[in-house]
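This is what each chain is made of:
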Amino acid sequence: MGVWHFRKVVSSMQKDELRETVRARYAAAATAVAGGAVATDCCGAECCTTEAVDETAAECCGTECCASGAVDIDTDFGAGLYGAEDRDQLPVQAVAASLGCGNPTAVAELRAGERVLDLGSGGGIDVLLSARRVGPAGRAFGVDMTDEMLALARANASKAGVGNVEFLKGTIESIPLPANSIDVIISNCVINLSTDKPAVFAEMARVLVPGGRIGIADVVADDALTPAQRGERGDYVGCIAGALSFDEYRNHLAAAGFDDIEITATHAVADGMHSAIIKAVHRQQ
């Protein structure tokens with residue numbers, strides 16, 4: 001086995017391990033919410049596990065982060081980035097499961113009759129909001145790789161009485177939808193978690209119709225920060241270490257066939273790291 005091939009195998013193994021870490025973290029969050037807790041990144045993957053879903057949950061980090069009851073409001077991540085009007089129209093479990101860094105439905109300018117896809121749909125908050133915006137003539141899809149999140153999202157859709165939704169099991173690097181089948185793609189703090197971002201952008205271009213658009217919330221790094229420096233500011237599963245820089249994001253989108261790329265920072269989530277809204281249009285063929 002040559003040195004190059006060995007390094008490639010190690011890299012592949014590391015990617016698989018990272019993906020499993022992400023899957024396990026969000027599976028734990030979904031299980032916690034289903035049991036009455038609030039999913040949150042306030043103290044990492046260990047906090048909202050099934051073992052922590054009881055009256056002693058707050059002891060995991062000395063806060064009320066996982067206590068059952070009212071949804072905690074964080075100004076950087078999760079439910080606090082949605083207006084009260086949006087939160088109040090959905091089941092509490094959909095709101096409690098929100099782990100994003102923005103509100104993509106607020107900037108995607110969804111129109112009646114459109115087909116919307118949410119990458120990494122989690123508990124379904126953005127899919128359900130999108131479904132109501134596109135109306136009965138439209139449809140909202142969610143793709144997630146975690147069985148527990150899919151079960152939670154489907155239960156939330158049923159509780160909300162929203163019928164024009166469909167939650168699909170799959171990865172955002174291999175979207176289980178046909179080409180040219182989606183008008184708008186949204187995503188909320190998920191692309192930074194992918195271990196193969198060029199594949200994600202290529203898949204986005206594949207499923208979008210020509211002229212289709214994206215409205216994504218994600219964590220983006222200052223261009224001056226190296227990957228190692230991003231890792232010093234937070235771990236991969238915490239949406240920091242895997243974040244692209246502003247230039248990297250633009251370059252990946254352009255290479256995948258997107259034009260009119262806009263990346264707007266909304267608030268800081270760490271030193272040199274920002275929550276941002278990314279908008280672009282799929283290039284006409």
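Before any of the text, the structure's been laid out above.
In what follows, the accompanying structure is described. (Residues numbered from 1 in each chain as written. Predicted model: local features only at pLDDT ≥ 70, side-chain atom pairs only at ≥ 80, totals over all residues. Heavy atoms only, no water.)

### Quick word on the nonpolar core
The nonpolar side chains of soluble globular proteins are, as a tendency, buried together. Counting 31 residues, the largest nonpolar core has Leu-117, Ile-185, Met-204, Ile-214, Tyr-249, Phe-258 and Ile-278 as the members making the most contacts within it. Counting residues per element, the ones that place at least two in this core are strand E1 (115-119), strand E2 (139-144), strand E4 (182-188), helix H6 (197-207), strand E5 (208-221), helix H8 (246-256), strand E7 (258-270) and strand E8 (273-282). Per-element tally for this core: the top contributor is H6, with 5 residues. With near-sequence residues (within four places) excluded, Leu-117 lies in contact with Phe-141, Val-143, Ile-175, Leu-177, Ile-182, Val-184, Ile-185, Ile-186 and Val-207. (Core = buried A, V, L, I, M, F, W, Y, C linked by side-chain atoms within 4.5 Å. Buried < 20%, exposed > 50% of the residue type's maximum accessible area, 1.4 Å probe, protein only. Helix = DSSP H or I, 4+ residues; strand = E, 2+ residues; numbered from the N terminus. Contact = heavy atoms within 4.5 Å.)

### Topic: the environment of Glu-173
Among the secondary structure elements, Glu-173 is positioned in the loop between strand E3 (165-169) and E4. A polar side-chain atom of Glu-173 sits 2.6 Å from a polar atom in the side chain of Ser-194. (Polar contact = N/O pair within 3.5 Å; in protein donor to acceptor, adjacent residues only side chain to side chain.)

### Focus: the environment of Arg-139
Summarising the element assignment, Arg-139 is placed in strand E2. The spacing of Arg-139 and Arg-115 is 24 residues in sequence and 4.9 Å in space, taken between C-alpha atoms. In contact with Arg-139, not counting residues within four places along its chain, are Glu-114, Arg-115, Val-116, Val-134, Gly-163, Asn-164, Val-165 and Glu-166.

### Quick look at the environment of Ala-256
Topologically, Ala-256 is positioned in helix H8. Taking the C-alpha atoms as reference points, Ala-256 and Ala-199, separated by 57 residues in sequence, lie 9.1 Å from one another. When residues no more than four places from it in sequence are discounted, the contact partners of Ala-256 are Phe-201, Ala-202 and Ala-205.

Bear in mind that shape data such as this cannot, by itself, settle questions of function.
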